Amino acid sequence: MVRFDQVPIEPMSDMIRLNCSALTELSYYFLADIRSRSGKIMNVASTAAYQPGPYMTVYFATKAFVLSFSEALSEELKGSGVTVTALCPGPTHTNFGRAAHAENVRLFSRSMDAHRVAKLGYQAMERGKRVVIPGALNQFGAVAAKFLPRILGAKTVKMAVRPTKH
């Protein structure tokens, strides 16, 4: 993993535009249509939203935005017929690890199947659930993060994103 100041600014800015700006704009521009159909919105946050994430600083921060935005919008829309669900998976078996140059990171050594994560997210959205965290270990981690001092959460993540030894 690489320190924040050693990563080129462009990919971090792209991540902010995708995870924050695009999500906000899509919600804004499509909300009237979604409301007219009593529809559902699902935003993909992450268990990363629950604590600071050294060496993945911008990713963790943008996922915190997605979770906060989704929960706030859900409350605003309560009673309107529109539900908003924030899907907060933990490590999931996708190409993310490779794209983030994190294939050998301890955090990704136990990842959930992407199909299972999607299915659980979809089922929760259909039930109008505000937040869904697939996996008992992920749920435990998210709850524990609420009770730990944030500095301890940051230290825990820092240890978890260290490369595994081969």
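The structure under discussion appears in the preceding block.
Now for a description of the structure that goes with this document.

So, how was this worked out
Residues numbered from 1 in each chain as written. Predicted model: local features only at pLDDT ≥ 70, side-chain atom pairs only at ≥ 80, totals over all residues. Heavy atoms only, no water. Helix = DSSP H or I, 4+ residues; strand = E, 2+ residues; numbered from the N terminus. Contact = heavy atoms within 4.5 Å. Areas by Shrake-Rupley, 256 points an atom, 1.4 Å probe, with all protein chains shown as cover. Axes fitted to C-alpha atoms, helices over the stretch in contact; angles between N-to-C directions. Parallel < 35°, antiparallel > 145°, perpendicular 65-115°, else oblique. Core = buried A, V, L, I, M, F, W, Y, C linked by side-chain atoms within 4.5 Å. Buried < 20%, exposed > 50% of the residue type's maximum accessible area, 1.4 Å probe, protein only. Salt bridge = Lys/Arg side-chain N within 4 Å of Asp/Glu carboxyl O. Expected span 1.5 Å × (residues − 1). Pairing = 2+ DSSP bridges. Polar contact = N/O pair within 3.5 Å; in protein donor to acceptor, adjacent residues only side chain to side chain. Phe/Tyr/Trp six-rings, centres within 6.5 Å; stacked < 30°, edge-to-face > 60°.

## What about the overall build of the protein chain?
- Helices and strands together make up the secondary structure of the protein chain, namely six helices and five strands.
- Its helices and strands taken in sequence order, the protein chain reads α-β-α-β-β-α-β-α-β-α-α from the N to the C terminus.
- Considering only intrachain contacts with a sequence separation of at least 6, the fraction spanning at least 24 residues in the protein chain is 72%.
- Counting only carbon and sulfur atoms, one obtains 60% of the accessible surface of the protein chain, whose full area is about 10,300 Å².

## Notes on the packing of helix H1 (residues 9-36) against helix H2 (residues 57-76)
- At a closest axis distance of 9 Å, the pairing of H1 and H2 adopts a crossing angle of 10 degrees. Our classification of the angle between H1 and H2 gives roughly parallel. Judged by residue contacts, Met12, Met15, Ile16, Asn19, Cys20, Leu23, Thr24 and Ser27 of H1 engage Val58, Tyr59, Thr62, Lys63, Phe65, Val66, Phe69 and Leu73 from H2.

## Focus on the nonpolar core
- Core analysis: the biggest nonpolar cluster contains 20 residues, and Ile41, Tyr50, Leu67, Cys88 and Val131 have the highest contact counts within it.
- Listing elements by their share of this core, those giving two or more residues are H1, H2, strand E2 (83-87) and helix H5 (136-147).
- Here this core takes four residues from H2, the largest share from any one element.
- In contact with Leu67, not counting residues within four places along its chain, are Ala45, Ala49, Tyr50, Ala86, Cys88 and Val131.
- Membership of the second largest hydrophobic core comes to six residues, among which are Ala48, Met56, Tyr59 and Val157.

## Observations concerning the pattern of salt bridges
- Applying the stated criterion to the full structure yields four salt bridges.
- Between Asp5 and Arg3 there is a salt bridge, and its shortest N-O distance comes to 2.9 Å.
- As a salt-bridge pair, Glu75 and Arg130 come within 2.8 Å of each other at their nearest N and O atoms. Residue Glu75 is found in helix H2, and its partner Arg130 is found in the loop between helix H4 (114-126) and strand E5 (131-132); the two are separated by 55 residues along the sequence.
- Classification of Arg130 by relative accessible area gives partly exposed; the value is 29%.

## Digging into H2
- In this model, H2 (20 residues) spans 29 Å end to end at C-alpha, consistent with the 28 Å of a helix rising 1.5 Å per residue.
- Among the residues making up H2, those that are buried are Val58, Tyr59, Phe60, Thr62, Lys63, Val66, Leu67, Phe69, Ser70, Leu73 and Ser74.

## A look at the sheet that holds strand E1 (residues 40-44)
- An order of E1-E2-E5 is seen for the three strands of this open sheet, with the pairing classed as parallel. The sheet terminates laterally at E1 and E5, the two strands that pair on one side only.
- In this sheet, E5 lies alongside E2 in parallel orientation, the contact comprising two bridges. Across the sheet, Leu87 pairs through a bridge with Val132, a residue of E5.
- The sheet strands contacting H4 are E1, E2 and E5, and the helix crosses E1 at an angle near 145 degrees.

## Some details on the side chain of Ser46
- Structurally, Ser46 is set in the loop between E1 and H2.
- Polar contacts involving the side chain of Ser46 include one to the main-chain amide nitrogen of Ala48, which spans 2.9 Å.
- Not counting the four nearest positions on each side in its chain, Ser46 is found in contact with Tyr59, Lys63, Leu87, Cys88 and Pro89.

## A few points about the packing of aromatic side chains
- Across all of its chains, the model carries three aromatic pairs by this definition.
- Aromatic pair Tyr28 and Tyr29: ring centres 5.2 Å apart, planes at 85 degrees, arrangement edge-to-face. This pair shows no difference in class: Tyr28 is exposed, exactly as Tyr29 is.
- Relative to Phe69, the ring of Phe65 has its centre 5.8 Å away and its plane inclined at 15 degrees; by these criteria the two rings are stacked. Residue Phe65 and its partner Phe69 are both found in helix H2; the two are separated by four residues, about one turn of the helix.

Nothing here speaks to function; it is all geometry.
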